[in-house]
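The primary structure of each chain is shown beneath.
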Amino acid sequence: MDKIYDVIILGAGPAGLAAGLYAGRSRLSVLIIEKGQDGGQIAVSEDIENYPGQFVEGETGASLIARMTEQAAKFGAERVSDTITEVSLDGEIKVLKGGKNEYRAKNVIIATGARPRPIDCKGEAEFAGRGVSYCATCDGNFFQDLDVYVVGGGDSAVEEALYLTKFAKKVTVIHRRNELRAAKSIQEKAFQNPKMDFMWDTVVEEIGGADLLSEMTVKNVKTGELTKITANEADGMFGLFGFVGTLPNSRMFEGILDMDERGYIKTDEDMHTNLPGVYAAGDIRVKSLRQVVTAVADGAIAAVQVERSMSDYY
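(A) Structural context of the overall build of the protein chain. Counting secondary structure elements, the protein chain contains 6 helices and 19 strands. Relative to the 2.2 N^0.38 estimate, which gives 20 Å for 314 residues, the radius of gyration of the protein chain is 21 Å and therefore close to what a compact globule would have. The dimensions of the protein chain, computed from C-alpha atoms along their principal axes, are 70 × 40 × 35 Å. Counting every position in the protein chain, which comprises 314 residues, the buried fraction comes to 51%. Considering only contacts in the protein chain between residues 6 or more positions apart, those separated by 24 or more positions represent 59%.

(B) Structural detail: the environment of Asn 274. Mapping Asn 274 onto the fold places it in the loop between β18 (246-248) and β19 (278-280). With a relative accessible area of 34%, Asn 274 lands in the partly exposed category. When near neighbours in sequence (up to four residues on either side) are disregarded, Asn 274 contacts Ile 256, Leu 257 and Asp 258. A distance of 2.8 Å separates the side chain of Asn 274 from the backbone nitrogen of Asp 258, its partner in a polar contact.

(C) Up close: the sheet that holds strand β15 (residues 215-220). Judged by pairing direction, the sheet is antiparallel, and its 3 strands sit side by side in the order β14-β15-β16 without closing on themselves. Single-partner strands in this sheet number two, and they are β14 (202-208) and β16 (226-230). Taking each pair of neighbouring strands and ignoring which way they run, the sheet shows an average axis angle of 25 degrees. Across 5 bridges, the pairing between β15 and β16 is antiparallel. Within β16, the position partnered with Lys 219 by the bridge is Leu 226.

(D) Examining the sheet that holds strand β10 (residues 132-133) more closely. With parallel pairing, the 5 strands of this open sheet are ordered in space as β10-β17-β11-β12-β13. Each edge of the sheet is formed by a strand with only one pairing partner; in this case those strands are β10 and β13 (196-199). Direction of pairing for β10 relative to strand β17 (residues 239-242): parallel, over a ladder of 2 bridges. Each residue of the ladder has a partner; that of Val 132, found in β17, is Leu 240. Against the sheet, helix α4 (residues 155-164) makes contact with β11 (147-151), β12 (170-174), β13 and β17, and its axis sits at roughly 170 degrees relative to β11, the strand it touches most.

(E) Spotlight on the pattern of salt bridges. Applying the stated criterion across every chain, the model contains 11 salt bridges. The partner of Asp 6 in a salt bridge is Lys 106, with the nearest N and O atoms 3.7 Å apart. Taken as a pair, Asp 6 in the loop between β1 (4-5) and β2 (7-10) and Lys 106 in the loop between β7 (102-105) and β8 (108-110) lie far apart in primary sequence, 100 residues in all. Accessibility assignment for this pair places Asp 6 and Lys 106 in one class, buried. In this structure, the salt-bridge partner of Lys 222 is Asp 201, at a minimum N-O distance of 3.6 Å. Of this pair, Lys 222 sits in the loop between β15 and β16 while Asp 201 sits in the loop between β13 and β14, placing them 21 residues apart in sequence. Since its relative accessible area comes to 58%, Lys 222 is described here as exposed.

(F) Spatial organisation of the packing of α4 against helix α5 (residues 184-192). One way to put it is that α4 packs onto α5 with a least axis distance of 10 Å and a crossing angle of 35 degrees. Note on packing geometry: the crossing formed by α4 with α5 is left-handed. Touching Asp 155, Val 158, Glu 159 and Leu 162 of α4 are Ile 186, Lys 189 and Ala 190, all from α5.

(G) Examining the packing of helix α1 (residues 14-25) against helix α2 (residues 61-74) more closely. The N-to-C vectors of α1 and α2 enclose an angle of 25 degrees; their axes lie 8 Å apart at closest approach. Classified by the angle between their axes, α1 and α2 sit roughly parallel to one another. Both α1 and α2 take part in a crossing whose hand is left-handed. Of α2, the residues touching α1 (which contributes Pro 14, Leu 17, Gly 20 and Leu 21) are Ile 65, Met 68, Thr 69, Gln 71 and Ala 72. A per-class count over the contact of α1 with α2 returns 6 nonpolar, 3 polar and no charged.

Thresholds applied
- Residues numbered from 1 in each chain as written.
- Predicted model: local features only at pLDDT ≥ 70, side-chain atom pairs only at ≥ 80, totals over all residues.
- Heavy atoms only, no water.
- Helix = DSSP H or I, 4+ residues; strand = E, 2+ residues; numbered from the N terminus.
- Rg over C-alpha atoms; globule rule 2.2 N^0.38 Å.
- Buried < 20%, exposed > 50% of the residue type's maximum accessible area, 1.4 Å probe, protein only.
- Contact = heavy atoms within 4.5 Å.
- Polar contact = N/O pair within 3.5 Å; in protein donor to acceptor, adjacent residues only side chain to side chain.
- Pairing = 2+ DSSP bridges.
- Axes fitted to C-alpha atoms, helices over the stretch in contact; angles between N-to-C directions.
- Salt bridge = Lys/Arg side-chain N within 4 Å of Asp/Glu carboxyl O.
- Left-handed = near helix turned anticlockwise from the far one by under 90°.
- Parallel < 35°, antiparallel > 145°, perpendicular 65-115°, else oblique.
- Nonpolar A, V, L, I, M, F, W, Y, C, P; charged D, E, K, R; others polar.

This is how it looks when you write it as structure tokens:
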């Protein structure tokens, strides 16, 4: 591709779409590259209730992202579906090589987000898709009238557990501490739901089964006691969902951009990385709160910084 864009945005989650909207509205030439579906993790969220300006009566991640995508397109952001495999970011013109083409720009905004962190128990990889899941909206209906266990204690874990009660016979939250970290309003809903139960001070050690997930060993972190859980004989299986945080999608930038010990990209408050013309926004960067509202703010800031820097070119 011969065209040199003012800015290329990697990722079409809330941060990337907000950056595309702001950059396009500033009359910059913009290309958004996304390898999967728009929205990232939020696209599979069934219920959003804390995004300012959302539909008060109810909002899904998919509906919110659909409107963001429309807004970015309205202001002229071009789109490509491709997987970037190699980047050269230290020159005046940044080069991004993908499976389909090569793309060039004067600036790059990295908004590649994060992915679910594994539960980290023995047998997890073997039973992914055979009882183990990380997306309640994607897979909840597969566990109709079955027992389901959710690992985690934060907002996402409890919200997804509540969603799973629509399908499951019972949902048990497994948490390594003796109290949840989720917002109090979310906790109240969970404790009032008759289909929810809780296993405190507990971690999953090992999972197994013949073909589908049907047994699990958990450990009490205070006493060390091991307990084996088996599926109801009539059911033959149960579900295990992991919501224990995220891992940044930043491996491609290792050795190129400054990161913290977990792999999140370091930026200043205006989203600048250590390389001129390279910005990071949303869940990919070091920050204290990873929510849709902070992601879109990051994207807007990054785009405005790009626009201001472009005065050198005109």
